[in-house]
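Working through the structure, step by step
Below are the chains, spelled out letter by letter.
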Amino acid sequence: MQLLEFLSRNKAEFFTLLGEHLMLVGVSIGVALAVGIPLGVILTRRPQLSPPILGLANIFQTIPSLALFGFLIPIPFIGGIGARTAIVALVLYALLPIIRNTYAGIQGVDPAVREAGRGMGMTDRQLLFMVEIPLAFGVILAGVRVATVIGVGIATIAAAIGAGGLGVFIFRGVATVNNTLILAGALPAALMALAVDFLLGRLERRYAPGGAGLAQTRPA
Amino acid sequence: MMTIGDPVVELRGVGLRLDGEKEIVSDLDFDVRPGELVVLLGRSGSGKTTTLKLINRLLLPTSGSVLVEGVATTDWEPTRLRRRIGYVIQDVGLFPHFTIERNVGLVPTLEGWEAERVRERVRELLDLVGLDPSVFAERYPAQLSGGQRQRVGVARALAADPPLLLMDEPFGALDPLTRLELQRELARLQDRLNKSIVFVTHDIREAMLLATRIALFQDGELVFIGGPQEFLDSDEPEAMAFVRALQDTDAVR
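Residues numbered from 1 in each chain as written. Chains lettered and ligands numbered in written order. Predicted model: local features only at pLDDT ≥ 70, side-chain atom pairs only at ≥ 80, totals over all residues. Heavy atoms only, no water.

**Remarks on the overall build of chain A**
Along chain A, the regular secondary structure elements total nine helices and zero strands. Each helix and strand of chain A, ordered N terminal to C terminal, gives the series α-α-α-α-α-α-α-α-α. Taken along the three principal axes of its C-alpha coordinates, chain A extends 65 × 40 × 25 Å. The proportion of buried residues among the 220 residues of chain A is 46%. The contacts of chain A with a sequence gap of at least 6 include a subset with a gap of at least 24, amounting to 70%. For chain A, the distance from the average site of its 15 positive side-chain charges to the average site of its 9 negative ones is 2 Å. (Helix = DSSP H or I, 4+ residues; strand = E, 2+ residues; numbered from the N terminus. Buried < 20%, exposed > 50% of the residue type's maximum accessible area, 1.4 Å probe, protein only. Contact = heavy atoms within 4.5 Å. Lys, Arg positive; Asp, Glu negative; His and termini not counted. Charge placed at Lys NZ, Arg CZ, Asp CG, Glu CD.)

**Quick word on the sheet that holds strand E1 (residues 9-17) of chain B**
Residue and element names in this part refer to chain B. Taken together, four strands build an open sheet; the order of strands is E2-E1-E4-E5 and the sheet is antiparallel. Unpaired on one side and paired on the other, strand E2 (23-32) and strand E5 (71-72) mark the two borders of the sheet. As defined by bridge partners, E1 adjoins strand E4 (residues 63-68) across five bridges and the pair is classed as antiparallel. The partner of Val9 across the bridge, within E4, is Val68. (Pairing = 2+ DSSP bridges.)

**Overview of the UniProt feature "domain: ABC transporter" (unreviewed entry) in chain B**
The positions UniProt marks with the feature "domain: ABC transporter" (unreviewed entry) are residues 9-244 of chain B. Within residues 9-244 of chain B, the helical portion is 40% and the strand portion 26%, while the C-alpha atoms at the span's ends are 31 Å from each other. (UniProt positions renumbered as here; feature names shortened; annotations may be inferred.)

**Thoughts on unusual backbone geometry**
Residues and elements named next belong to chain B. One non-glycine residue, Glu69, lies in the positive phi region at around 50°. By the secondary structure assignment, Glu69 is in the loop between E4 and E5. Phi is positive for Asn194, which is not a glycine, with a value near 55°. Judged by its relative accessible area of 52%, Asn194 falls in the exposed class.

**What to know about helix H5 (residues 115-128) of chain B**
Residues and elements named next belong to chain B. Here H5 contains 14 residues, and its C-alpha end-to-end distance of 20 Å stays within 8% of the 20 Å for a straight helix at 1.5 Å per residue. Listed as buried for H5 are Val118, Arg121, Val122, Leu125 and Leu126. Down the axis of H5, the smallest arc covering the buried residues is 130°, so these residues share one side. Opposite the buried face of H5, at more than 90 degrees from it, the exposed residues are Glu120 and Asp127. Phi for Gly130, located one or two positions after H5, is positive at around 80°. (Expected span 1.5 Å × (residues − 1). Arc of directions from axis to C-beta.)

**Focus: the interface of chain B and chain A**
Quite often, the size of an interface is put as the accessible area lost when its parts meet. With 26 residues of chain B at the interface, the matching set in chain A holds 22 residues. Taking both sides of the interface into account, the surface hidden between chain B and chain A amounts to around 2100 Å²; carbon and sulfur atoms contribute 68%. Across the chain B-chain A interface, the total number found is one salt bridge. One salt bridge in this structure joins Lys53 of chain B and Glu115 of chain A, with 3.9 Å as the shortest N-O distance. In this structure, the connection of chain B to chain A is made through four residue pairs in polar contact (both at pLDDT 80 or more). Elements with a minimum of two residues in the side of chain B that touches chain A: helix H2 (78-83), strand E6 (85-89), helix H3 (100-104), helix H4 (106-110) and helix H7 (146-158) of chain B. Counted by class, the side of chain B that touches chain A contains 14 nonpolar, five polar and seven charged residues. (Buried area = accessible area lost by both parts, 1.4 Å probe. Salt bridge = Lys/Arg side-chain N within 4 Å of Asp/Glu carboxyl O. Polar contact = N/O pair within 3.5 Å; in protein donor to acceptor, adjacent residues only side chain to side chain. Nonpolar A, V, L, I, M, F, W, Y, C, P; charged D, E, K, R; others polar.)

**Regarding the nonpolar core**
Residues Leu24, Leu68, Phe69, Ala86, Leu166 and Phe169 of chain A are the most contacted members of the largest nonpolar core, which totals 52 residues. For this core, the secondary structure elements donating two or more residues are helix H1 (2-9), helix H2 (11-45), helix H3 (50-62), helix H4 (65-72), helix H5 (83-107), helix H7 (124-155) and helix H9 (179-207) of chain A. Those residues within four positions of Leu166 of chain A in sequence are excluded, and the remaining contacts are Phe14, Leu17, Leu18, His21, Gly185, Pro188, Ala189 and Met192 of chain A. With 44 residues, the next largest nonpolar core counts Val122, Leu144, Ala155 and Phe242 of chain B among its residues. (Core = buried A, V, L, I, M, F, W, Y, C linked by side-chain atoms within 4.5 Å.)

Okay, structure coming up:
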């Protein structure tokens, strides 16, 4: 009850922070898609690159988020205090699931389908856009879902470097030992993560093998 | 059967060696003439499928040359070459996210045919392979039986009216009755359309039923080529082994 009271009294600030939070996640996922999907596709064409690139993306994943934000601050151009640094960090976290799932999804396309496409005279580009990406779509979407849910969580920590978002309430609550404030940041963030998970999950099932969006992959 | 005209496919001393390993095929020399159905027969791993892939340039020879319509595959633009060659494989490789209509119409669409012409062509082809277009055109591959999918595979290979078809054990995964049915239909289709076909199988009965000539492969080499009767009369040891297998199955009955 205290929570609802707090939120209704601070409606304007809440919606500003919520908007900032959505912006941080949206922009970083957008950039991660623009970088990660092409990278994943390149890995399927040059598999020898996959250990170093996936390894590097994996390393970013293991750095604690607070530490990564801290590391980035002194770096020129991408660093500093504010949303830009936070977005760079969020992109780095989102890359691994997107690259990995793009790569795995395309690798998982039935070799007979790929051979038939090539044998029928599809160019590499036609094979990619007409066959491989559509068939890998469900798997790629699963990666996007994981990346987005992680992003919503990590974006709360972005408040520590002045990037705004729902984390502002949380840090303020921790500093003033005020549970209501902590909840005012944490609960909406958790709900946002659940909502993203639910919506992308539904979309994913539609495009998964056997779903309604695509007919099944080749049955035995 | 005598055939006239220049060969559609010519292999001249063709060999393929991967990364300094043993040759997968070596010193292949044979022609495929217009209207002829050449069966590549041999045990698993004898180089039959490799030979097919050398013809549509999925592989390039490391020695000798493969000529299609008189032009070396190395000089063909790969996609142009492949669109002139129908390709049917055992796993069919239908696109699971395309309707049957889109699957069959793929090469004409890639070739830039108008939508209406593609649609008509698809209907004609589905009729030709014994599938009612009004029933099957809008279905997805997963909704078809194995035999039906293979019929679609044949229709798709014929779509842009290629002079040459390559078929890699197309009926290998089917039950014996469906297989026989499709073999008979292919023989009829072959009489009617007069395509040149290169057909890979390890099944001697299938070879005897379909072949104008049989090319027998053993360990990557061509050990015999000739008509079915010549094959039966051959004293080539591998040919005799296949003929014995044929007689053994007859003797069981």
